[in-house]
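# Summary of structural features
This is what each chain is made of:
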Amino acid sequence: MQQTPIVKINPEHPEPELIRLAATVLRKGGLVAFPTETVYGLGALALEEDKVQKIFSAKGRPTQNPLIVHVVDEAMAKSVCAIWPKTAQVIAEKLWPGPLTLILPKHKRVPMIVTAGLSTVAVRCPAHPVARALLHELNSPLAAPSANLYSEISPTRAAHVHKGLSGRIDLILDGGPASYGVESTVLDLTGPKPTILRPGTILQSQLEKLIGHVAVICEQVPDDVARASPGQSRKHYAPKALVSLIPHGDQGCLNDRVQRVLKSKGRVGVLLLSPLQLTQEGVMVRRLPPLASEYAAALYHVLHDLEDAGCSHILIEQVPEDEAWAAVRDRIERAVAQ
Ligand code: AMP
Ligand code: MG
């Protein structure tokens, strides 16, 4: 395939003719990358197996990793679920559209390939106007994982999608940077108690205010084991560089680690949160904002950037322990765990 075209689209008021163009590509079985408020998604019509198959081929994604089904409203959500419990109703009313994915019993009309053979389905109602306009136009759900090659960093800009998937997909809608920058919170409502499978922008405490106690599992499983959540895959959020953590504010440790990489002729990128200083030449320093939401929005872009600059090692200063940082901590820990 030739290079994939990138088409700029207005992120607030998407041009109807561009939405129609993207919908036509999707109806013909093509793959379209589009902006959402979390990261860019790679969409295919969710109810058509042959179309969904192409997502796995384009990404090189193992078929045991289920996909999130994107819907425009509650009615569309109900059409892909066998059961719509009261908890889903309460949560959807308050937090949809938004960066929250619910795991629910799957309706039989959803092909098995979407759910990797599971009897449950992941459903999300995105808030981004481009994603919503596309779903409206199609009047049908879209299966959409993040628009990157399997095991690489999620894309928060059209250029990241292009870097990973150009020539493998049919169209990229460029709606500018994604505002949240980390993937949705995934909440499983099919077990004995509601459980967060992947932390995201929607916090445990927000969910607990609505439905009472919510458990969290963050354990990572090996890549060859079938998993409840593909987000639990160790390599899921890893850059190619070797990533390690620096204790917060520890100038001595930072200096030592940087020296060690430079001695081994490596190229080092550093993500800082506090006013630590680096004077060595050739070290790429990126200072990230101290607010969790702003840090999250910048994180993947900075990692892409350092990867593109050829960094062999990335040192990340540890982020705070509090809840607001849960999603960022989770993604950083996964990047380190490879
Ligand atoms: P991504 O590939 O980045 O879009 O991530 C897909 C996410 O979908 C994973 O992190 C999973 O948590 C979630 N997911 C999709 N389907 C299921 C399912 N049936 N059960 C549990 N998690 C799911
Ligand atoms: Mg992904």
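Computed from a predicted model, the values in this text were never measured in an experiment.

## Describing the domain arrangement of the chain
Here the domain parsing of the chain yields domain 1 (6-216) and domain 2 (242-336). Each side of the interface is counted separately: domain 1 has 20 residues, and domain 2 has 15 residues. Taking both sides of the interface into account, the surface hidden between domain 1 and domain 2 amounts to around 1500 Å²; carbon and sulfur atoms contribute 55%. Together, I153, K163 and P199 form the three largest contributors to the area buried by domain 1 at its contact with domain 2, with a combined 37%. Linking domain 1 to domain 2 there are three salt bridges.

## Here's the deal with a negative patch on the surface
Residues E321, D322, E323 and E333 make up a contiguous surface patch of negative charge. Within the secondary structure, D322 sits in the loop between β15 (313-317) and α11 (326-336).

## Describing the sheet that holds strand β4 (residues 68-70)
Strand order in the open sheet made by the 11 strands is β1-β8-β2-β3-β7-β4-β6-β5-β9-β10-β11, with mixed pairing throughout. The sheet is open, and its two edges are formed by β1 (6-8) and β11 (215-216), each paired on a single side.

## Some remarks on the pairing of strand β6 (residues 120-124)
Every other side chain in a regular strand lies on the same face of the sheet, so the side chains alternate between the two faces. Burial within β6 is extensive, with four of its five residues counted as buried. The pairing of β4 with β6 spans three bridges and is parallel. In the strand pairing of β6, I68 is matched with A122. Relative to β6, strand β5 (residues 100-105) runs antiparallel, the two being bridged by five bridges. Looking at the pairing, I103 lines up with A122 of β6.

## Topic: the pattern of salt bridges
Counted by the stated rule, this structure contains 13 salt bridges. A salt bridge links K51 to E48; the nearest nitrogen and oxygen atoms lie 2.4 Å apart. Given the relative accessible area of 10%, K51 is considered buried. Residue E48 is classed as partly exposed on the basis of its relative accessible area of 32%. The salt bridge involving R286 is made with D305; its shortest N-O contact spans 3.2 Å. Of this pair, R286 sits in strand β14 (residues 284-287) while D305 sits in helix α10 (residues 292-308); the two residues are 19 residues apart in sequence, bridging distant segments of the chain. Judged by its relative accessible area of 22%, R286 falls in the partly exposed class.

Parameters and conventions
- Residues numbered from 1 in each chain as written.
- Chains lettered and ligands numbered in written order.
- Predicted model: local features only at pLDDT ≥ 70, side-chain atom pairs only at ≥ 80, totals over all residues.
- Heavy atoms only, no water.
- Domains from an automatic or database assignment.
- Contact = heavy atoms within 4.5 Å.
- Buried area = accessible area lost by both parts, 1.4 Å probe.
- Salt bridge = Lys/Arg side-chain N within 4 Å of Asp/Glu carboxyl O.
- Patch = residues over 30% accessible without salt bridge, like charges linked within 9 Å, V, L, I, M, F, W, Y side chains within 5 Å.
- Areas by Shrake-Rupley, 256 points an atom, 1.4 Å probe, with all protein chains shown as cover.
- Lys, Arg positive; Asp, Glu negative; His and termini not counted.
- Charge placed at Lys NZ, Arg CZ, Asp CG, Glu CD.
- Helix = DSSP H or I, 4+ residues; strand = E, 2+ residues; numbered from the N terminus.
- Pairing = 2+ DSSP bridges.
- Buried < 20%, exposed > 50% of the residue type's maximum accessible area, 1.4 Å probe, protein only.

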